[in-house]
Structures are given as C-alpha cells and as structure tokens.
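A structural walkthrough
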Amino acid sequence: MAIRIAAVVLLVFSAGFLWEASRYPFGSPGAPGPGFLPVILGAAFAVLSIVLLVRPGSAPEQVLPPDRAAAVRIVATLVAIAIAIVLLDRLGFLVTGTLLMLALLLVLDRRPILAVVLAPLSVVLVYAVFKVWLRVPLPSGVLSF
Amino acid sequence: MELLHNLQLGFAIALTPTNLLFALLGVIVGTLIGALPGIGPVAGVSILLPLAFGMDPTAAMILMAGIYYGAMYGGTITSVLINVPGESSTVMTTLDGYQMALYGRAGPALSIAAIGSFVAGTFSVVLLTIMAVPLARAALSFGPPEYLMLMLLGLATLSVLLAENKVKGVLSALLGIMIGVIGLDVISALPRFTFGEIELLDGVGFLAVAVGLFGIGEVLASLERTYKLDPIKTTLRDLILNKQDLKVSTGPIARGTILGFVVGMLPGAGATIASFLSYALEKRISAHPEKFGTGTIEGVAAPEAANNASTGGAMVPLLTLGIPGSGTTAVMLGAMMLFGLQPGPLLFEKNPDFVWGTIASMYIGNVMLVILNIVFVPVFVRALMIPYSVLAAFIVLFCIVGVYSVNFSTFELWIMLVSGVIGYVMRKLEFPIAPIVLALVLGPMMETSLRQSLLMSQGSFAIFLTRPISAILAVLVLVFLFAPLLLSFVAKKPLPAAEEI
C-alpha cells in the first residue's frame, strides 16, 4: 500500500515536471532544444510510476511508521537542523553549532552533563580545524574572533 | 620506462607531507566509516571533501580515495566481531567471519581479511597503473554517442543490479537526471525549472544532495533502530595466522583479486557485487562447499580481497574516461569538476600530477591500512562503543559544515535537509539511493552528449547503432534494462537470485 501511495505521488510529480518541461522549446530530434530531454524524462518517469502503481512488488517489511519515540527523535532532529539553518547566518557558527549539538544530544542521548560538555567542545574543535587550520570561512557571527 | 617515470612523478607528489597526511587521514576515516554501521563511504567522502577545499585537487582526491578503499578494510571489523556488516560490501564476510569469531578465531579472520585486502588492493592499483594510459588513449577516439552509451550503461547497471525492484531502480536514476536538468541549459543558456530562484541557475549542488541523501537520510533511518553493539573481544596475540590458514587462503585471495578488479571496472557493478560473486565462486569450486557459512577462512579471504580489488578497478573508468560507476566515485567526479579539472582521457596529459599523485597515494594508503587494520584493530573496536546517539549528532554537525563550505549558502543547506527527508523516505520504501547521485552528476554530461549526437546525425537515433562501440554498449544497456523487466512480467514471482544480492 505504501508503495502504491508513493507511486501516485511520483505520478503527480511527473505530471508537474512535464507541465513545466512543455514550456521550454522542444526543438526536433535533428536540433534538440532545452525542452527535449525534460519531456522525455518526464514521460518515462510517468510511465514507470504507473508500472509501479500496477505492480508495486512485494511490500518491504520495514514500511511501518516509526514508533512514537523514534518519530519524536526524527522530527526533533529535522526541526533542530531547520532552526540551525535559519540561525547560521545571524548568530554565526560557534553559537548556532553549539545550540544544535546541545539540542541533538539532549534529544537523542539524554545525558545533560555530557551534552553540556560535549556540545561547545566539539563545535570549537570543528571551528578550529575548518576556520583556523583549513581557512574555510565559516560565519563568525556574534562571537567573532 | 614511461610507466616508471610516471610512477616516480606520482610518488614525488604523494610523499609530500601534506599529501601523506591526507592519505593517512583518509584511510583512518575510511576504516572508521567502514566499521561504523549507519554511515557509509558516499556520505564520508562528501562530508569530508570540504576539508580539502583550501588544498589543491590532488590532496582532495587522495583524501577521498583513501576513504573509499579504507572503508573496504573497516567494514570487516564490524562484520566479524558483531555480525553486522559495516557496509553492504562486507555482507558476505559476516557469513564465515562471524562464525570464526564465535569459535574464538576472530583474530585470524581479521588478519586474513587485512592481508587479503592489502594484496588485492595493491595488485589492483598495479593493474590500474598499467592499464590507465593505454585505455585513456583508446578512449580518445570516443565521440558523444560512445560516451552517452557508457554513461547509460553505468546508470542502468547500478539501478538494476542492486535494486530488489528494477522499476524503483530506474525511477531513482531518472529522478537524478531530472534534478540535474535544473539550472541554465548548457547549450541555449535558458534557465530551466528554476522558478525565478537565482540560486538555482547554477543547478542543484550534487554535494548537498549526496550529503542529504546519504548523511542526513541515513541518520534519520538509523534513529528508528536501537541496536546495541557488543563486539567479541580479541587481543593482538590472537591475530596470528597459522600455516594452514595462509595456504588455503592463497587461491581465494588471488581469484578474488582478479574477479574484484574486473567487476570493479564494469560501470555500475562494484564492491558489493564483487564480494558476492567471489564468495559464490569459492563455494562452487571448493572441495568442501558444505563448510562455507560455518566459519571457513576461505569464505572471509575471497570476498575481502574482491571488495578491495574492486576499488582499484572502479578508479579505471573514473580516471581514464571521466565516468564513475558508483555513488562514491560519482562524488569524486563531481569533486574533480568543482576543482576545475576536466575529467576524461585527456586528464593524463593535462594533469599528470593529479592522476599519478592519486595513483601513487593508493600504494601508500594500502600499506598504511594493512598496518592500521592489524595493529590498531582494538582502537577501532573502541570507536564502535561510541553510542549512536552521540555519533548521530556529530554526523549532522559535519554534514552542515561540509555542505555550507561548498559556497557558503544556506540555500544549499535547505537542499540538504529536503534531500535528507527524501533519502529517509526512499530507505523506508526500499528505493535504491546511489543511482540518484550518479545520475545527478552524469545527467548534464548525458544531455550534452545526447544533443551533440543527434546534431551529428541530423536527428537520427541510428547513430547509436551504426558506430560499432556505441552499438555494443547500446545492446548491453537494453539487455540490462529490459531483460529483468520482461522476466518479471513473464514470471509470476520476481527472480529470487537477484533479490538476494
């Protein structure tokens, strides 16, 4: 069932892709335009999505929704990353990275003392290696040095 | 003589302190990534690539190659001591390796794997050294049709061989090409699928997608599982092999090496298939096939030799043709282009330092690895004790730093996050993921070759069949793509043999 739902999603996606692709000049086989390959790709994708819909094959065992605890871990990780991306340019790498590590360790590992020690330590270490040694310009933000 | 001259040049470059350091870093990280379930070489190579951004491309390639073949060594440790393959390429090693460990012979299993890996790894680099230049010269005559067919063949093989469901494999590959279409059209400079977003004009960065799919996606999937790793204890003294062990392993290592190298060279096939075939071969020709699976040392030696030899083989098409055959080598190709190198047969003439420095570093790296994997096994076993909850946080941090370092855009980080969610869902639904990355890197090259070919032939698709090399490749593509599809329609049940790989 999960595969069939996925197949429908893929079919809708291919329809959208084809609609956008049709806006570009297709050209002809002798002089293929920018829309040439996209249309072929979209059509092939649509056909295979239908094949998958009709013959989803043996259902994989693990297509179970994650249990509650796992779902919380997954969603929390995603939210933490999203917030970190928003904050990165504003607060800089040192602050954002520490907050992210703190959040992830607290949610996933649940040992507050370890988290409080490890989060700033690891971020400073990464910062030192990338920014100071390898000269990758990570944003310094509010704690610039 | 030319060969010796090239090698001399290569070693002069590989032996500089920086490059030695990057080789060492690569093989250590590679071994760790190989040993740790939940992170593989594609993620490892993509995440650590930014470490080398400030360096020259040779250092970056040495680092990535080190991670790539180092992971083949490291995967063994987990397979033997915990019965969990660190990578898909060491699945076969669990069969006899873990049985040996249960009988108190974990040491010999690890030793023979390290020795087999070293012999195979080194021999495959020798073959790479010898074959590279002639192959690159032969490839100079390839035109757009040949290149298109080669790329299609690699993509078709990768999508179909490892996928339990071929349709899903091809869908993954198509999705990768579709993502590759985003951005300015190379020929007409028309923006496609950018929806007015300036950041998309350059296309979707392959690194953000690869890190998302393989790094974040794998972390999310692993958060569902709670496995506790409890390695079987070994000491250094246990690692010693007896004469009998060495004697029975010689043949399997030799055969595994050749088989692995050949399979590795084929586009799309790779370490996993090499180890699988090599195990099957040994079992078939063995005088006592019933002992396989009960802890026989040949069952460890052969697949371990094969998966290492495949890495040298996989470097052949990457360096001589500029065509990768797997997720990891696709990231390497993308990295070469990021560094402004033009991959292809001319690489050997235009950038001899890069090519020969990389090849020479592989000799050095294999020596480092055999020492690391015999003497420092206890250290790597320690690393397995790090709880995944801590490791996951570190992987996420490195993913963010790595992707951000490409061009300091948070836009790329959003692409990474979305790719992570897609990678997670694909894992759940058992869609293969490597084809997306390979297709994304190859996609723009494939489109250019396709359009050039059609311009050459004035619109006739016959061009792919009238040129002999292109025709052979085209037939192979069709066989790979459609034979399994047709078979699965004819047969009521899907083919069992293909599913077990």
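Residues numbered from 1 in each chain as written. Chains lettered and ligands numbered in written order. Predicted model: local features only at pLDDT ≥ 70, side-chain atom pairs only at ≥ 80, totals over all residues. Heavy atoms only, no water.

Let's talk about the overall build of chain A
Per the secondary structure count, chain A includes four helices and two strands. Radius of gyration (C-alpha) of chain A: 23 Å, far over the 15 Å computed for a compact globule of 145 residues. In terms of overall dimensions, chain A has a C-alpha envelope of 60 × 45 × 20 Å along the principal axes. With 145 residues in all, chain A has 42% of them scored as buried. A sequence separation of at least 24 residues applies to 51% of the contacts in chain A between residues at least 6 apart. Summing over all exposed atoms, chain A offers an accessible surface of approximately 7600 Å²; the carbon and sulfur share of this is 75%. (Helix = DSSP H or I, 4+ residues; strand = E, 2+ residues; numbered from the N terminus. Rg over C-alpha atoms; globule rule 2.2 N^0.38 Å. Buried < 20%, exposed > 50% of the residue type's maximum accessible area, 1.4 Å probe, protein only. Contact = heavy atoms within 4.5 Å. Areas by Shrake-Rupley, 256 points an atom, 1.4 Å probe, with all protein chains shown as cover.)

Comments concerning the overall build of chain B
Counting its regular elements, chain B contains 22 helices and two strands. Taken over C-alpha atoms, the radius of gyration comes to 22 Å for chain B, in line with the 23 Å a tight globule of 501 residues would show. Taken along the three principal axes of its C-alpha coordinates, chain B extends 65 × 60 × 45 Å. For chain B, with 501 residues in total, the buried portion stands at 63%.

Focus on the packing of aromatic side chains
All names here are of chain B. Taken as a whole, this structure holds twelve aromatic pairs over all chains when the rule is applied. Ring centres of F348 and W356 lie 5.7 Å apart, and the angle between their planes is 75°; this geometry places the pair in the edge-to-face category. Accessibility assignment for this pair places F348 and W356 in one class, buried. Ring geometry for F461 against F464: centres 6.5 Å apart, planes inclined by 40°, an arrangement best described as tilted. (Phe/Tyr/Trp six-rings, centres within 6.5 Å; stacked < 30°, edge-to-face > 60°.)

Quick notes on the confidence of the model for chain B
All names here are of chain B. Counting all residues, the mean pLDDT for chain B is 88, and 94% of those residues have values of 70 or more. In the model, residues 492-501 has pLDDT below 50 throughout and makes nine contacts with residues more than four positions away in sequence or in other chains. Confidence estimates for the predicted assembly give a pTM of 0.89 and an ipTM of 0.92. (pLDDT = per-residue confidence, 0-100.)

A look at unusual backbone geometry
Generally, phi is negative for residues other than glycine and the peptide bonds are trans, each holding for most cases. Residues and elements named next belong to chain B. Phi at A189 is positive, roughly 60°, even though this residue is not glycine. Positive phi, close to 55°, is recorded for F193, a residue that is not glycine. Within the fold, F193 resides in the loop between strand 2 (191-192) and helix 9 (206-222). Given the relative accessible area of 5%, F193 is considered buried.

Describing the pattern of salt bridges
Residues and elements named next belong to chain B. Within the structure shown, the criterion is met by twelve salt bridges over all chains. Between R192 and D185 there is a salt bridge; the shortest N-O distance is 3.6 Å. With respect to class, R192 is no different from D185; both count as buried. One network of salt bridges, with partners in common, ties together D185, R192, E447 and R451. (Salt bridge = Lys/Arg side-chain N within 4 Å of Asp/Glu carboxyl O.)

A look at the nonpolar core
Formed by 203 residues in total, the largest nonpolar core has its most connected members in F93(A), M61(B) and M416(B). Of the residues forming this core, the biggest block, 16 residues, is contributed by helix 4 (residues 57-82) of chain B. (Core = buried A, V, L, I, M, F, W, Y, C linked by side-chain atoms within 4.5 Å.)

With respect to the interface of chain A and chain B
The interface of chain A with chain B comprises 70 residues on the first partner and 65 residues on the second. Buried surface at the junction of chain A and chain B, summed over both partners, amounts to about 5800 Å²; 80% is from carbon and sulfur atoms. Run the count over chain A and chain B and you get zero salt bridges. Taken together, the links from chain A to chain B amount to six residue pairs in polar contact (both at pLDDT 80 or more). For the side of chain A that touches chain B, the element with the highest residue contribution is helix 3 (residues 68-108) of chain A, accounting for 18 residues. Among the residues forming the side of chain A that touches chain B, the class breakdown is 54 nonpolar, ten polar and six charged. (Buried area = accessible area lost by both parts, 1.4 Å probe. Polar contact = N/O pair within 3.5 Å; in protein donor to acceptor, adjacent residues only side chain to side chain. Nonpolar A, V, L, I, M, F, W, Y, C, P; charged D, E, K, R; others polar.)

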